[in-house]
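One-letter residues, chain by chain:
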Amino acid sequence: MLFKQQALLRQKLFVLGSLAIGSLLYLVARVGSLDRLQPLCPIDGRFGPRSQDEIPLRALQFKRGLLHEFRKGNATKEQIRLHNLVQQLPKAIIIGVRKGGTRALLEMLNLHPAVVKASQEIHFFDNDENYAKGTEWYRKKMPFSYPHQITIEKSPAYFITEEVPERIYKMNSSIKLLIIVREPTTRAISDYTQVLEGKERKNKTYYKFEKLAIDPNTCEVNTKYKAVRTSIYTKHLERWLKYFPIEQFHIVDGDRLITEPLPELQLVEKFLNLPPRISQYNLYFNATRGFYCLRFNIVFNKCLAGSKGRIHPEVDTSVITKLRKFFHPFNQKFYQITGRTFNWP
Ligand code: A3P
């Protein structure tokens, strides 16, 4: 009897021990795989070879560590010089579309070790006052990065602002342009929801979406309403095409970025000529938020702010139908120009 109990105890200890060793091995492998992400690039050889004395990066950890400190302005000039850090003009810009998922796209791309994001929207090209300050001012707004990394900024107002394509072209005619779109009616409602929330915060009343989106005199879609105009993607894109060939744009499916982000990000990696580095490990679904969140490493992960993923107000179905019918021909044209088809109604 005693012998049987001892054997059982030994068996239990063996199972527990194996579990502990297994978990330890998994953690070691995981951290190891993150470390192996470096060194990477130069991307396509475009940024030149890394110098011998360059400090090897542990990119993902670095993003939360050293670079984070630099962004907060805690770095000394000596540290910047020592680490060979520079402020570079963006090689790619997320030009829009507002409420398409521009923040999620930027944050997710920033998971890539060769990408460094400009955290704030800079509004250089759409704001005359900022634009008058010149390109050097714009560059100084950029985060510190290693020369082999690429800087990306996002300012969704660029997509719809008349002067922007020409201004960006003058700065860099071969820049890569990212546009993230969502089903146009959903995007318009999301746009409205953001404005509504702003009004409510100031204790102000606001019109219902239906009242803004439909012209009460004609009962037709109100094309003067900005949230509607912004969703006519083809009209805006056509202005951009006067300056840039379609090959310089990449269209991201914002609806799919919500439900299945990885394949969308892999398409962007390809477009930017980046080696594939973002993996499923970097993205996990957070049931409480109802969205995918970001995992940089075993200790650091984050979800987007609560202002991303608001609950939309109920909208009259006849208004939704009217809007979808209105957007339909513009959507067809957009598919035709971009070569990317969406299942929009
Ligand atoms: P809603 O608030 O309408 O849901 P932008 O950053 O351009 O303002 O876009 C905001 C939209 O990003 C949100 O719109 C949300 O649906 C979408 N989004 C995409 N991926 C997200 C994520 N992982 N977390 C939160 N919001 C995300």
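Residues numbered from 1 in each chain as written. Predicted model: local features only at pLDDT ≥ 70, side-chain atom pairs only at ≥ 80, totals over all residues. Heavy atoms only, no water.

- The protein chain carries the name Sulfotransferase in an unreviewed UniProt entry, which gives Ciconia maguari as its organism.
- For the record of the protein chain, the UniProt heading Subcellular location (unreviewed entry) holds the text "Golgi apparatus membrane".
- Its UniProt record, at the heading Sequence similarities (unreviewed entry), says of the protein chain: "Belongs to the sulfotransferase 1 family." (UniProt positions renumbered as here; feature names shortened; annotations may be inferred.)

1. Quick word on the pairing of strand S5 (residues 150–154)
Point 1. Of all five residues that make up S5, five are buried, and the element is covered over most of its length.
Point 2. By the alternation rule, side chains of S5 split into Ile 150, Ile 152 and Lys 154 and Thr 151 and Glu 153, which are all buried.
Point 3. Sheet topology places strand S2 (residues 92–96) next to S5; three bridges connect them, and they run parallel. If you follow Ala 92 over to S5, its bridge partner there is Ile 152. (Buried < 20%, exposed > 50% of the residue type's maximum accessible area, 1.4 Å probe, protein only. Helix = DSSP H or I, 4+ residues; strand = E, 2+ residues; numbered from the N terminus. Pairing = 2+ DSSP bridges.)

2. Here we look at the environment of Lys 325
Point 1. Residue position: Lys 325 is located in helix H15 (residues 317–338).
Point 2. Judged by relative accessible area, Lys 325 falls into the exposed class, the value being 67%.
Point 3. When the C-alpha atoms of Lys 325 and Val 221 are compared, they prove to be 9.7 Å apart, with 104 residues separating the residues in sequence.

3. Comments concerning the pattern of salt bridges
A side chain with one charge may pair with a side chain of the opposite charge, provided their charged atoms come close.
Point 1. Here the structure, examined in full by the defined rule, presents 17 salt bridges.
Point 2. Among the salt bridges present, the one from Glu 136 reaches Arg 139, with a minimum N-O distance of 2.5 Å. Linking Glu 136 with Arg 139, this pair stays in helix H7 (residues 135–140), spanning three residues, or about one helical turn.
Point 3. Here Arg 139 falls in the partly exposed class, since its relative accessible area comes to 23%.
Point 4. For Arg 256, the salt bridge identified is with Glu 264, shortest N-O distance 2.9 Å.
Point 5. Residue classification places Arg 256 among the partly exposed positions, given a relative accessible area of 26%.
Point 6. What emerges from the salt-bridge pattern is a single network uniting Arg 103, Glu 107, Lys 117 and Lys 302. (Salt bridge = Lys/Arg side-chain N within 4 Å of Asp/Glu carboxyl O.)

4. Regarding the packing of aromatic side chains
Any pair of aromatic rings gets described here by the distance separating the centres and the angle formed by the planes.
Point 1. According to the stated counting rule, one finds 26 aromatic pairs in the structure shown.
Point 2. When the centroid spacing of 4.5 Å and the interplanar angle of 5 degrees are considered together, the rings of Phe 342 and Trp 344 count as stacked. Grouping residues by exposure puts Phe 342 and Trp 344 together as buried.
Point 3. Three or more aromatic residues joined by ring pairs form one cluster here, namely Phe 124, Phe 125, Tyr 131, Trp 137, Tyr 138 and Tyr 158.
Point 4. Here Arg 295 stacks its cationic end above the ring of Tyr 281, 5.0 Å away from the centre of that ring. (Phe/Tyr/Trp six-rings, centres within 6.5 Å; stacked < 30°, edge-to-face > 60°. Lys NZ or Arg CZ within 6 Å of the ring centre and 35° of its normal.)

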